[in-house]
Every structure is written in C-alpha cells, then in structure tokens.
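Read off the chains here:
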Amino acid sequence: MSSFQRFSDCYKPFHQLQPEMTRRLHDRFIAQLRTSVREEVAEIKAEGNLEAVLSTLDAIVEEGKAREEPAWRPSGVPEKDMRSALAPGLLQQRDTLRRRVQRQEAENRQLAVAVRAGRRQLEALRLQGQARWQAWQAVHRGQEELAAVLRGPE
C-alpha cells in the first residue's frame, strides 16, 4: 500500500481526478517492473554462469565450516594486515631467489675455472706456436746458409 501511496503522491492531480485509473496504472507498472527485473536477473544468471559460481561459493562455505582454526580477519591496521598477508609470499620468493643466486654463483665458479683452463691452454698453444716458429726460422736460416755454401762464392 505504501508503494501505491508514493506513486499516487507523485501524480496527485491525476489521482484526484481518476483514482481507479491511477490504481490500474500502478498495478500495470508494478507487473511490468517485476517481469523486467525477472528477465534481467535471468539474463545476468545466464551470462555470468551465476548458477555455477553460486554453487562454488556454497562449496567454499561448506568447506570452511569444517575448519577448526578461525578464519582470517582484518586487525584494523592496514599496514599490519598487508604485512601479514604479503610476508609469507615474499619470504618464499626471497628463499627462491637466494637458491637461484646460489645456483648461479656455483655455475659462475665452474665457468670461471673453465675459462682459466682455456686461457692456460691458449697460452700453451701460443708458446708452442712461437717455439715452432722459432724452430722454422732456425731451419730456414740453416737452409739459406746451406744453399749459400752449395752455390759457392760469387
């Protein structure tokens, strides 16, 4: 009745002239509004797969009832709440990063040993090449001297 009263107050001059017509308009308006709301709710349920979501939420609620420890509640101090919510994840991430750093440092040490061994090998090859070059130079000088001796004095 109060909704009709508010409706009629909005259209007071019309209601005073034709109260029955105002009542019928109100009833038709309410019926169409209910139909429209039902259609909108059905459309939202279909679009958002609301039935499945609500079923999932019901399952979560039932699962929560079986828990013995109390559910998390905010303390009222945002900094403390953020710290308590983020700290475990950040600590886990820090540990993961430390393990990665340790593995990378170990790999870097192995690579440094391999690089030093490669440099020693290169130095040995350079010295060996230099010694062969000097030996070849000596042989070449010896051949030139021999050729000069064989040609005789000029």
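Treat the numbers as computed from the prediction; the structure is a model and nothing was measured. (Residues numbered from 1 in each chain as written. Predicted model: local features only at pLDDT ≥ 70, side-chain atom pairs only at ≥ 80, totals over all residues. Heavy atoms only, no water.)

Enquirer: So what exactly am I meant to see when it comes to the overall build of the protein chain here?
Expert: Looking only at helices and strands, the protein chain has five helices and zero strands in total. Start at the N end of the protein chain and walk to the C end: the helices and strands fall as α-α-α-α-α. The C-alpha atoms of the protein chain give 47 Å as radius of gyration, which overshoots the globular expectation for 154 residues (15 Å, by more than 25%). Based on the C-alpha atoms only, the size of the protein chain along its principal axes is roughly 150 × 50 × 30 Å. Just so you have it, the protein chain exposes about 14100 Å², and 58% of that area is on carbon and sulfur atoms. (Helix = DSSP H or I, 4+ residues; strand = E, 2+ residues; numbered from the N terminus. Rg over C-alpha atoms; globule rule 2.2 N^0.38 Å. Areas by Shrake-Rupley, 256 points an atom, 1.4 Å probe, with all protein chains shown as cover.)

Enquirer: Quick question: what am I supposed to make of the pattern of salt bridges here?
Expert: A pair can form between side chains of opposite charge whenever their charged atoms are brought close. With the rule as written, the count across this model stands at three salt bridges. Across the salt bridge formed by Lys65 and Glu62, the nearest N and O atoms sit 3.2 Å from each other. In this pair, Lys65 and Glu62 both sit in helix α4 (residues 50-65), three residues apart, roughly one turn of the helix. Residue Lys65 is classed as exposed on the basis of its relative accessible area of 59%. For the salt bridge of Asp95 with Arg94, the shortest nitrogen-to-oxygen distance reads 4.0 Å. Judged by relative accessible area, which is 39%, Arg94 ranks as partly exposed. (Salt bridge = Lys/Arg side-chain N within 4 Å of Asp/Glu carboxyl O. Buried < 20%, exposed > 50% of the residue type's maximum accessible area, 1.4 Å probe, protein only.)

Enquirer: Whenever I open this one, helix α5 (residues 78-151) confuses me. Can you help?
Expert: Residues spaced three or four apart along an α-helix point in a common direction, a consequence of the helix completing one turn every 3.6 residues. Over its 74 residues, α5 runs 103 Å from end to end, which matches the ideal 110 Å to within 8%, given 1.5 Å per residue. The largest bend along α5 reaches roughly 40 degrees and is located at Leu86, with the proline Pro88 sitting one to four residues downstream. A positive phi of about 90 degrees marks Gly152, the residue just after α5. (Expected span 1.5 Å × (residues − 1). Bend = angle between axes of the 7 residues up to and from the residue.)

Enquirer: How should the packing of helix α1 (residues 2-10) against helix α3 (residues 19-47) be read in this particular structure?
Expert: A pair of packed helices can be characterised by two numbers: the angle between their axes and the separation between those axes. The interhelical angle for the contact between α1 and α3, taken along N-to-C directions, is 120 degrees, at an axis separation of 10 Å. Judged by the inter-axis angle, α1 sits oblique to α3. Relative to α3, the crossing made by α1 is right-handed. Contacts from Ser3, Phe4, Phe7 and Ser8 of α1 reach α3 at Thr22, Arg23, Leu25 and His26. Of the residues in the contact of α1 with α3, the class split is three nonpolar, four polar and one charged. (Axes fitted to C-alpha atoms, helices over the stretch in contact; angles between N-to-C directions. Parallel < 35°, antiparallel > 145°, perpendicular 65-115°, else oblique. Left-handed = near helix turned anticlockwise from the far one by under 90°. Contact = heavy atoms within 4.5 Å. Nonpolar A, V, L, I, M, F, W, Y, C, P; charged D, E, K, R; others polar.)

Enquirer: So what exactly am I meant to see when it comes to a nonpolar patch on the surface here?
Expert: On the surface, a cluster of nonpolar side chains totalling about 340 Å² of accessible area is made up of Phe29, Leu33, Val37 and Val41. Here Phe29 lies in helix α3. (Patch = residues over 30% accessible without salt bridge, like charges linked within 9 Å, V, L, I, M, F, W, Y side chains within 5 Å.)

Enquirer: Sorry, what's going on with a negative patch on the surface here?
Expert: A contiguous patch of negative charge on the surface is contributed by Glu39, Glu40, Glu43 and Glu47. Within the element layout of this structure, Glu43 appears in helix α3. (Lys, Arg positive; Asp, Glu negative; His and termini not counted. Charge placed at Lys NZ, Arg CZ, Asp CG, Glu CD.)

Enquirer: Help me out: how do you make sense of the side chain of His26 in this one?
Expert: Looking at the secondary structure, you find His26 in helix α3. We classify His26 as buried; its relative accessible area is 6%. Polar side-chain contacts of His26 include one of 3.4 Å to the side chain of Ser3. Contacts of His26, omitting those with residues within four sequence positions, involve Ser3, Phe4 and Phe7. (Polar contact = N/O pair within 3.5 Å; in protein donor to acceptor, adjacent residues only side chain to side chain.)

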